[in-house]
Amino acid sequence: MMAFDAQEALDALNTDGFVVVDSDMAVLADAAVAEFRAIEAEHPDLFKREPDGRYPRLINFHLASPALRRIFTDNERALAVQDAFFGEPSSLYTTLFYEKGSAQDLHRDTPYFTTRPEHRYLGVWTALEDVDEENGPLMVMRGGHLMPEEHREAIAAEVFPDGDIPHSSDELWVRYQDKVAASGRERGLKIETVPVKKGDTIIWHPQLPHGGSVIRDPQRTRLSLVQHVTPLNAQVYGLDAFFNPNKTLPSEAGWSYETSNGRSYIDHGVVGIGHMTNVPRITFPQGMVPQSEVRPALSH
Ligand SMILES: O=C(O)CCC(=O)C(=O)O
């Protein structure tokens, strides 16, 4: 394991828009995947595969799985970078568990993770298995977080001329993201893939254009956990706030948190299987892999 300097990692995050942290989470990654497979086997009625044989993304699955929660709460190196970025302890807002590459177009997360003040958010992505060019690695537009923000009010007015912007809108999302990607191309910014090994963590800046690259080998899984993190109690808004940057809104929320290993995560009460099915959290027994049997992550 390489020596680690959180300040150096933070500098890279601020310069490049992302940083890869050798976070020594491979053992916990194996435990998280084992627990996922055990929970899946217990609930064949709930877990429906897509036509390609894989699951859709699972939303907040960490609420069903203590082993998956540890990917956030025990990732000391990644947490040190997050805390330094925020200037206060990072907490877990939501997660996405992917069984396969997302093959998502290049996008900034900010429209759906808007805070007041802005940019009090990070994307934290931990590989639960090795990721190479074949199984759809993350892709990033290096330096794209430094591009000036688009004229958001003007973009929104093209889609919602009456000024009534909803929380979510695919059309407005695509219009904004297309403009960001075009701005990056005009500036000559390159898109690169980020292959990593099991247990590594990629942290990206709220304004970094990123996505999932093409899955060359559809037989391969690409198990990974995206953690959307903010400072404690930050309110998180959607498009209606993002495209109204001058609108004053509360910065604080009244979230109900739980704590593990000194780290807080919101109890959203439900786990989403794809964006269609919400399953109450209490449906899942808390943990199928005894945590005492999992070696804690090595400290640095
Ligand atoms: O995991 C991936 O392939 C991309 C994830 C992503 O872009 C996101 O969650 O915002």
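Residues numbered from 1 in each chain as written. Predicted model: local features only at pLDDT ≥ 70, side-chain atom pairs only at ≥ 80, totals over all residues. Heavy atoms only, no water.

Digging into the nonpolar core
One recurring pattern in soluble globular proteins is that nonpolar side chains are buried together. Just so we agree on the cut-off: By convention a nonpolar core is built from buried Ala, Val, Leu, Ile, Met, Phe, Trp, Tyr and Cys residues, the set being connected through side-chain atoms within 4.5 Å. In this scheme, a residue with accessible area under 20% of its type's maximum is buried, one over 50% is exposed, and one in between is partly exposed, where area comes from a 1.4 Å probe on protein chains only. Think of it this way: any DSSP run of H or I at least four residues long counts as a helix, any run of E at least two long counts as a strand, and we number them from the N terminus. Every residue pair with non-hydrogen atoms within 4.5 Å of one another is taken to be in contact.
In terms of nonpolar packing, the biggest core is built from 42 residues, with F47, F61, F97, L128 and I203 touching the most fellow members. Tallying contributions element by element places helix α2 (residues 26-42) first for this core, with six residues. Leaving out residues up to four positions away in the same chain, F47 has contacts with F36, I39, E40, Y55, L58, F61, I273 and F284. One finds F18, A127, V196 and I202 within the second-largest nonpolar core, a separate group that totals 20 residues.

Observations concerning the pattern of salt bridges
If charged atoms from side chains of opposite charge come close, those side chains can pair. Going by this rule: Salt bridge, as used here, is a side-chain nitrogen of Lys or Arg placed within 4 Å of a carboxyl oxygen of Asp or Glu.
Following the criterion strictly, the structure yields 24 salt bridges and no others. The residue R152 makes a salt bridge to E118 at a minimum N-O spacing of 2.8 Å. Of this pair, R152 sits in helix α5 (residues 152-159) while E118 sits in the loop between β3 (90-98) and β4 (122-127); the two residues are 34 residues apart in sequence, bridging distant segments of the chain. Put simply, E258 and R281 hold a salt bridge, and the shortest N to O gap is 3.0 Å. Here the residue E258 occupies a position in strand β10 (residues 257-260), and R281 occupies one in the segment after β13 (277-280), the gap between them amounting to 23 residues. Since its relative accessible area comes to 11%, R281 is described here as buried. Three or more residues are tied together by salt bridges with common partners; here these are R37, E40, R49 and E99.

Quick word on the packing of α2 against helix α3 (residues 66-73)
The following threshold applies: Here, axes are lines fitted to C-alpha atoms. For helices the fit covers the stretch in contact, and angles between N-to-C directions go from 0 to 180 degrees. Roughly parallel covers angles under 35 degrees, roughly antiparallel covers those over 145, roughly perpendicular covers 65 to 115, and oblique covers all other angles. It is the rotation of the near helix from the far one that decides the hand of a crossing: anticlockwise by less than a right angle makes it left-handed, clockwise makes it right-handed.
Running from amino to carboxyl end, α2 crosses α3 at an angle of 150°, the nearest separation of the two axes being 7 Å. Considering the angle they form, α2 stands roughly antiparallel to α3. Where α2 crosses over α3, the two elements pack in a sense that is left-handed. Taking contact as the criterion, the partners of L28, A29, A31, A32 and E35 in α2 are, on α3, P66, A67, L68, R70 and I71.

Some remarks on the layout of surface pockets
We count it as follows: Here a cavity is any set of points on a 1 Å grid over the protein atoms alone where a 1.4 Å probe fits but cannot get out, and a pocket is any open set with protein on both sides within 12 Å along at least 5 of 7 lines; a residue lines the site when it has an atom within 4 Å of a point. Grid points are joined across faces, edges and corners, and a volume is the space filled by probe spheres set on the points.
The calculated volume of the largest pocket comes to roughly 1,100 Å³. Going through the elements one at a time, β3, α6 (170-186), β8 (210-212), β9 (224-231) and β12 (270-273) are the ones with two or more residues in the lining of the largest pocket. Sorting elements by how many residues they give to the lining of the largest pocket places α6 first, with six residues.

Some points on the site of the ligand
Short version of the rule: Summary of the distance rule: residues count as near a molecule or strand when at least one heavy atom falls within 4 Å of that molecule or strand. Side-chain atoms alone can form a polar contact between residues adjacent in sequence; in general such a contact is a pair of N or O atoms within 3.5 Å, and within protein one must be able to donate a hydrogen while the other accepts it. Accessible surface area values rest on a Shrake-Rupley calculation with a 1.4 Å probe, where residue burial reflects the displayed protein chains alone. Think of it this way: a molecule belongs to a cavity or pocket when more than half its atoms come within 2 Å of the grid points there.
Taken together, 14 residues lie around the ligand, and S102, H107, W125, H210 and R222 are the ones closest in. In the model, an oxygen atom of the ligand is placed 2.6 Å from a nitrogen or oxygen of the S102 side chain. Interatomic distance of 2.8 Å between a side-chain N/O atom of R222 and an oxygen atom of the ligand. Contact with the protein chains hides 97% of the accessible area of the ligand, taken as 290 Å² for the molecule alone. For the ligand, the cavity whose grid points lie within 2 Å of the majority of its atoms is the largest pocket. Of all elements in the fold, only β3 and β8 reach the threshold of two or more residues within the shell around the ligand. Looking at the shell around the ligand element by element, the count peaks at three residues for β8.

Quick look at the side chain of S65
Residue position: S65 is located in the loop between β2 (58-59) and α3. Of the polar contacts made by the side chain of S65, one reaches the backbone nitrogen of L68; its length is 3.0 Å. Discounting residues that sit within four places of it in the chain, S65 has contacts with E35 and I39.

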